Structure formats: C-alpha cells, structure tokens
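# Topology and contacts: notes
The lines below spell out each chain.
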Amino acid sequence: MLPQIGRISAATSRRHKDQPMTMQSPDITGFRFSTADFGERDRLPIFREQIGRMIVKLDPEPLSAGAFHAEANVRELPGLGIGSWACSNLKIARPRELLDGNDDLVLTIITSGNTRASQRDRDIELGPGQAVLQSSAEAGNMAVPVSPSRFVGLRLPRKALAALVRDPEDMLVRPLPANTEAMRLLALYIRELDDSYLLATPELCGAVVRHLVDLGALIIGANRDAAAAAEDGGLAGGRAARRGQGRHQR
C-alpha cells in the first residue's frame, strides 16, 4: 500500500544522504526520490531495500514485465505523515513481516490515473477524485497499472481520529464520497506544503497539522461536532491555500 508513509527519523534520513532531502526542523523530516535517478540494473534493488523496506516499510515490485517508475515527496510532521506520489506498473505491498506495531490509518486520494487497493480480503478500484482508507497495522497492497497514476497520502494516528470520526475502522477499504470539497482541499494543501512558509514556525506547523487532521476526518466521515469545528479549521485553511495558489498562478 504505497502511500503508507513510514515513520522517518532524522537518523534514518541521515543514512540516506544520496537522496534529496527536505528538513525544516528536528520535528519535520522528509525526503524526495525518483527511481529515474538510479541505473536500470540498480533501480529495483535500491527501491526495494533502501527505500521500501528500510524507510517506508513497504515491498515494491513491478506489476508486470517492463519498465516501472515511482517518485515521491514524503514528509513527517509532528503527529502525522504526508506524501505525494507518482507511479506506474507497480504493486507495493505491506506484508506481515514488515508490520512494525504502527496502527495509524492512511488516507489516499487519487489525483490522476487509476489504482487498486486491497486489504481485509477487500479490493477497491480507484480513479481520479476517489479516496480509500487503509490500516498500517494490517497487511495490504496497492497496485498501479502501466498507465501512470498520481496520488497523495495522509497518515493519521487513530487517537487523533477517535474524537472526530465515529467509527473509522468501519470505513477501511470502503468507497468514500468522491470529489468532495474537503478531498480537493486536502490534495491541494499537501501539494502547497512544498512552499516552506507554511511550516516556517512551530505555530504555523501546528495549525497545518490540525487543518490536515480536520480535512482527513471530513473525508472519512466526521461527526457533527468535528464537522462544525472544521469549518473554522481545516476547511478555512484549505480555502486559504487555494486562494494562495491562485495568486501564485497569476
């Protein structure tokens, strides 16, 4: 399950100095990578061992014979993880031997292309504007065909969702409402985090984390109180990010 972002420590990041990194503070670590940066012979071994198994705790392999590709921008913020991914011809599994006690929930939003998610003997086909929730505590996988796909992932601690969503466990690998405002804003918000000003101070970083949790809860199915609070929190923050993007594009 590709967007299941593993917990990335500063020490782990330092062990991979050959990968481009983004490091804002001791509490925010991250890295960028692309399989295109590696030679064809080394591409799969490096992706599987140094990135897949050691950093994100996933096991990737080509879905079918032929070329494959993966690139990502992954960040660990205080209390959650985010990632933007682009892939083709890949099946990426989280097998039982790579389960590490982490029971966070991972929300994936497809922004282009098609993907199949599998867990708990359930399979769900996903296209642009659709999302799926999976558990880091259980084996599962995501499969991307030869045609490229792009998606964003948000890893949320269960405790953070407990007061916001009535039963997130019941939503695992189930169809979620597609193309909602919260979904579009969350995808935009994650992309906008490439602008470091959003994380320039602990106060701003804390606000960003709260907004991301709000938007994630709305997508999964926030309770009435959480949905009302998100109007002044995550929805307002996401709309501000959208307005900021519009100013950048002019």
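The rules behind each value
Counting starts from 1 at the beginning of each chain's written sequence and moves along it residue by residue. Confidence filtering applies because this is a predicted model: local features only for residues at pLDDT of at least 70, side-chain atom pairs given and counted only at 80 or more, and all residues used for totals across whole chains, interfaces and linings. Note: side-chain values were computed over all heavy atoms of the structure, leaving out hydrogens and water. Numbering goes from the N terminus for both helices and strands, where a helix is a DSSP run of H or I of at least four residues and a strand is a run of E of at least two. Each residue's exposure class comes from its accessible area (1.4 Å probe, protein chains only) as a fraction of the maximum for that residue type: buried when under 20%, exposed when over 50%, partly exposed otherwise. In this analysis, two residues are considered to be in contact whenever any of their non-hydrogen atoms come within 4.5 Å of each other. Here, any two strands with at least 2 DSSP bridges between them count as paired. All axes are obtained by fitting lines to C-alpha atoms, using only the stretch in contact for helices, and the reported angles, taken between N-to-C directions, cover 0 to 180 degrees. If you view the pair so one helix is near and one far, a crossing is left-handed when the near helix is turned anticlockwise from the far one by less than a right angle, and right-handed when it is turned clockwise. Here the nonpolar group is Ala, Val, Leu, Ile, Met, Phe, Trp, Tyr, Cys and Pro; Asp, Glu, Lys and Arg are the charged ones; every other residue, Gly included, is treated as polar.

### Description of the overall build of the protein chain
- What the protein chain contains, in helices and strands, is 7 helices and 11 strands.
- In the protein chain, which comprises 250 residues, the share counted as buried stands at 52%.
- Partitioning the intrachain contacts of the protein chain with sequence separation of at least 6 by distance along the chain shows that 72% fall at a separation of at least 24.

### Description of the pairing of strand E10 (residues 140–144)
- In terms of burial, E10 is a largely internal element, 5 of the 5 residues being buried.
- In this structure, strand E5 (residues 90–94) lies alongside E10, joined through 5 bridges in antiparallel fashion. Bridged to Arg 94 within E10 is Gly 140.
- Here strand E7 (residues 115–119) runs beside E10; their pairing, made up of 4 bridges, is antiparallel. Bridge pairing in E10 places Arg 116 opposite Ala 143.

### Notes on the packing of helix H4 (residues 181–192) against helix H5 (residues 202–220)
- Between H4 and H5, the shortest axis-to-axis distance is 9 Å and the interhelical angle comes to 145 degrees. Considering only the axes of H4 and H5, their crossing is left-handed. The residues of H5 that touch H4, namely those facing Ala 182, Met 183, Leu 185, Leu 186, Tyr 189 and Ile 190, are Val 208, His 211, Leu 212, Leu 215, Leu 218 and Ile 219.
- The class makeup of the residues in the contact of H4 with H5 is 11 nonpolar, 1 polar and no charged.

### Some thoughts on the sheet that holds E10
- One open sheet holds the 5 strands; their spatial order is E2-E5-E10-E7-E8, and the pairing between them is antiparallel. Looking at strand neighbours, the two that pair on one side only are strand E2 (59–62) and strand E8 (122–126), the edges of this open sheet. In this sheet, adjacent strand axes meet at a mean angle of 15 degrees when their direction is disregarded.
- Against the sheet, helix H2 (residues 40–56) engages E2 and E5, with an angle of about 155 degrees to E2.

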